[in-house]
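Now for the letters of each chain:
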Amino acid sequence: MEIKNLCVNTMRTLSADAIQKAKSGHPGLPLGASPMAFTLFNDCLKISPKNPNWFDRDRFILSAGHGSMLLYSLLHLFDYGVSIEDIKNFRQIDSLTPGHPEYGHTLGIDATTGPLGQGVSMAVGMAMAESHLASIFNTDDCKVVDHYTYSIVGDGCLMEGISNEASSLAGTLKLGKLIVLYDSNNITIEGDTATAFGENVRGRYEALGWDTYFVEDGNNLEEILKAIESAKKIDKPSLIEIKTRIGYGSTKEGSASAHGEPLGEDNIPTFKKNIGWEYEESFYVPQEVKSYMKEVVAKKNTFVDEWEKLLEEYKVKYPEKYDLFEKFMKEEIDEEILNDSSIIEFDKDMASRESSGLVLNRFAKLLPNLFGGSADLGPSNKSVMKDFDFYSPENRSGKNIHFGVREHAMAAICNGISLHGGLLPYCATFFVFSDYLKPAVRLSALMNQGVIYVLTHDSIGVGEDGPTHEPIEHLAMFRSTPNVSMYRPCDAKETAYAWISALKNRKTPSCLALTRQKLTNLEKTSNEALKGGYVLKDFGKDFEMIVMASGSEVGLAYKVCEKLLEENISTRLVSMPCMEEFEKQSKEYKEKVLPKDIRKRVSIEALSTFGWGKYVGLDGLSIGLDTFGASAPANLLFEKFGFTVDAVYEKIKKELF
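Under an unreviewed UniProt entry, the name given to the protein is Transketolase, and the organism recorded is Parvimonas parva. On record in UniProt, under Function (unreviewed entry), the comment for the protein is "Catalyzes the transfer of a two-carbon ketol group from a ketose donor to an aldose acceptor, via a covalent intermediate with the cofactor thiamine pyrophosphate." You can read under Catalytic activity (unreviewed entry) in the UniProt record for the protein the words "D-sedoheptulose 7-phosphate + D-glyceraldehyde 3-phosphate = aldehydo-D-ribose 5-phosphate + D-xylulose 5-phosphate".

In structure tokens form, the structure reads like this:
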């Protein structure tokens, strides 16, 4: 036990030194939570530092991501490639140790965290993914998918609504391989949690269907380990509340200032003396710790070797399951699936939410690893895979997910499913409720996760439900978010191509804005839609104006162009289902579609005009909706707000001719 305590104190001093050198950071959590984190990594986690992305490893998410030095010190001790120099460069430009953990940037980090509550919610998704894949592939004698998901949370994580949303679902689903360690220190930035967080947390989690444990002394490694081992035996998620002292051992111990301020140059020696640290050198790792950790890491690295032997045995005994497992593990989707002609065949006009549902179900038969659902709007979103069961405690192999009315958690859970690997997650809600899930979409983009977001009822076409349910600014919101592909298809074929593009973009989250109302299938829509913007039709010769539109307004624009041609005004109609994909095209292609010498330009979209300026230019005209909608039948709303052939025609004539 003495060597383990020395390892814990090594983590504490590395954290304190790094934060002091950076002159910024959060020492409170690393100093208080190092015992639980070290015990978890040292005595519990099935990991292989030599192969940090090994599929059957246990997952760990530091949900309280501000305490990132806790994680970096672990990654250093456990030989994940984080050097002492990296520790010294904490929070510096281009370092491997940024202020909050970043997935894909530093080996050994399973998720980007920092926005509180999202980490533990992603852990729920990982646990769901593990149980789903285990039900498909495991046999009695070969458990090729068999790992736990762990998360460390703080008081702040558990105050955020998203954590309760996700924890409620986790309890309902009885995710027994999810274990959460709660760093319970009763302190936030503003002081004692009693001022805003006086509830019985364990009581709440018991009500949510979790098993709970209590460790009174956060420095007691034996009790922490005992609680984790007990939790692993229970067939429901577990919360282990571990009482700690924020900023343990420092002059700031137990105070709010320990949360997000360096200890201070003068206080570092006092802190080290208080914890019994006998070494004067900064950023020091004792030789005893190095020797001990070398043995621990060597043992950890045998886990992947054992699993690979098991997988070889599995390959021989269960060749069909093994072949399917290999297909699930592939990151890219086979082109022959994406090019299947049946995906884009439609025999009638329909709302794009309906055509999306058809496309989803066609892909569900071709892609066995699709896994997703809706925030209680499946019938409206057309997001149910009809020939497949729902995921539940009794049926882990179900492909459909009941997320319940939990948009924010739903998106974060899908991030966790995606990060876990092996599955293609999607989720659905009304477009207006994307306000609730936007923070998780942002993390999808930051982490390069190809989650697909199906967002229906995309304009004032929602109709009678009125302005609370009619999105206006939401297209602009996602179009302005880096690394997000925002699609708004104009008919069934463009909807199919939006799905195809989204499935191709495995490193980019994709949002599909889809209509409630019926859309006419246009003759000229084609696979050019994959380029994001393309010439749908030139009306007349030597066009003098370009009309651009997306979604339901492309059909409107088509009729406007026909009417303008009757006045001998030749136009080019450009369908713009995805600005982000269009921007990826060559300068030559973009010039071909939108020639710079054509200055008369019009955009038509029954949503905010924000963002169209770069395409219409100073001489152009953006026709949109920069006010909230109203409650009435959809056709009356389009008339009221000027989205009719005559109204748009008159506006163009007045403004540009």
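Moving on from the coordinates now.
Two side chains with opposite charge may pair up if their charged atoms get near one another. Here the structure, examined in full by the defined rule, presents 29 salt bridges. Residue D110 is joined to R57 by a salt bridge in which the shortest nitrogen-to-oxygen separation is 2.9 Å. Linking D110 in the loop between α4 (84-88) and α5 (118-137) with R57 in the loop between α2 (28-44) and β1 (59-62), this pair joins segments that are 53 residues apart in sequence. Judged by relative accessible area, which is 9%, R57 ranks as buried. The salt bridge involving K252 is made with E261; its shortest N-O contact spans 3.3 Å. Accessibility expressed as a relative area gives 14% for K252, which makes it buried. Given a relative accessible area of 39%, E261 falls into the partly exposed group.

Let's shift gears to the pairing of strand β7 (residues 238-243). Counting buried positions over the six residues of β7 gives five, a clear majority of the element. As defined by bridge partners, strand β3 (residues 178-184) adjoins β7 across six bridges and the pair is classed as parallel. Residue pairing for β7: D183 is matched across the bridge by I242. Where strand β6 (residues 211-215) lies against β7, five bridges are found, and the strand directions are parallel. Paired with V215 across the two strands is I242, which belongs to β7. Crossover β6 to β7 through helix α9 (residues 221-231) is right-handed.

Here helix α1 (residues 2-22) crosses helix α12 (residues 287-300) at 110°, and the two axes come no closer than 10 Å. Between α1 and α12, the interaxial angle falls into the category roughly perpendicular. Judged by residue contacts, I3, K4, L6, C7 and T10 of α1 engage E288, V289, Y292 and M293 from α12. Its residues assigned to classes, the contact of α1 with α12 comprises six nonpolar, one polar and two charged.

What follows concerns empty space enclosed by the protein. Summed over the entire model, instances satisfying the criterion amount to two cavities of 30 Å³ or more. Considering the residues around the largest cavity, the lining is formed by F41, L45, I47, P52, R57, D58, F60, Y80, G108 and D110. Partitioning the lining of the largest cavity into residue classes produces six nonpolar, one polar and three charged. Reported here for the second largest cavity is a volume of approximately 50 Å³. Y487, P489, E494, Y497, A498, A529, G532, P577 and C578 together form the lining of the second largest cavity. Sorting elements by how many residues they give to the lining of the second largest cavity places helix α21 (residues 492-504) first, with three residues. Residues of the lining of the second largest cavity, tallied by class, amount to seven nonpolar, one polar and one charged.

Among the nonpolar cores identified, the biggest contains 140 residues, and F78, I240 and F478 are the most heavily contacted of them. Broken down by element, this core gets its largest block of residues, twelve residues, from α5. Discounting chain neighbours no more than four positions away, the residues touching F78 are F38, F41, N42, P49, M293, V296, V297 and K300. Membership of the second largest hydrophobic core comes to 81 residues, among which are I337, A364, F539 and A630.

Each value, and the rule that gives it
- Residues numbered from 1 in each chain as written.
- Predicted model: local features only at pLDDT ≥ 70, side-chain atom pairs only at ≥ 80, totals over all residues.
- Heavy atoms only, no water.
- UniProt positions renumbered as here; feature names shortened; annotations may be inferred.
- Salt bridge = Lys/Arg side-chain N within 4 Å of Asp/Glu carboxyl O.
- Helix = DSSP H or I, 4+ residues; strand = E, 2+ residues; numbered from the N terminus.
- Buried < 20%, exposed > 50% of the residue type's maximum accessible area, 1.4 Å probe, protein only.
- Pairing = 2+ DSSP bridges.
- Right-handed = clockwise from strand over helix to strand, strands pointing away.
- Axes fitted to C-alpha atoms, helices over the stretch in contact; angles between N-to-C directions.
- Parallel < 35°, antiparallel > 145°, perpendicular 65-115°, else oblique.
- Contact = heavy atoms within 4.5 Å.
- Nonpolar A, V, L, I, M, F, W, Y, C, P; charged D, E, K, R; others polar.
- 1 Å grid on protein atoms, 1.4 Å probe; cavity = no way out; pocket = protein on both sides within 12 Å on 5 of 7 lines; lining within 4 Å.
- Points joined across faces, edges and corners; volume = space filled by probe spheres on them.
- Core = buried A, V, L, I, M, F, W, Y, C linked by side-chain atoms within 4.5 Å.

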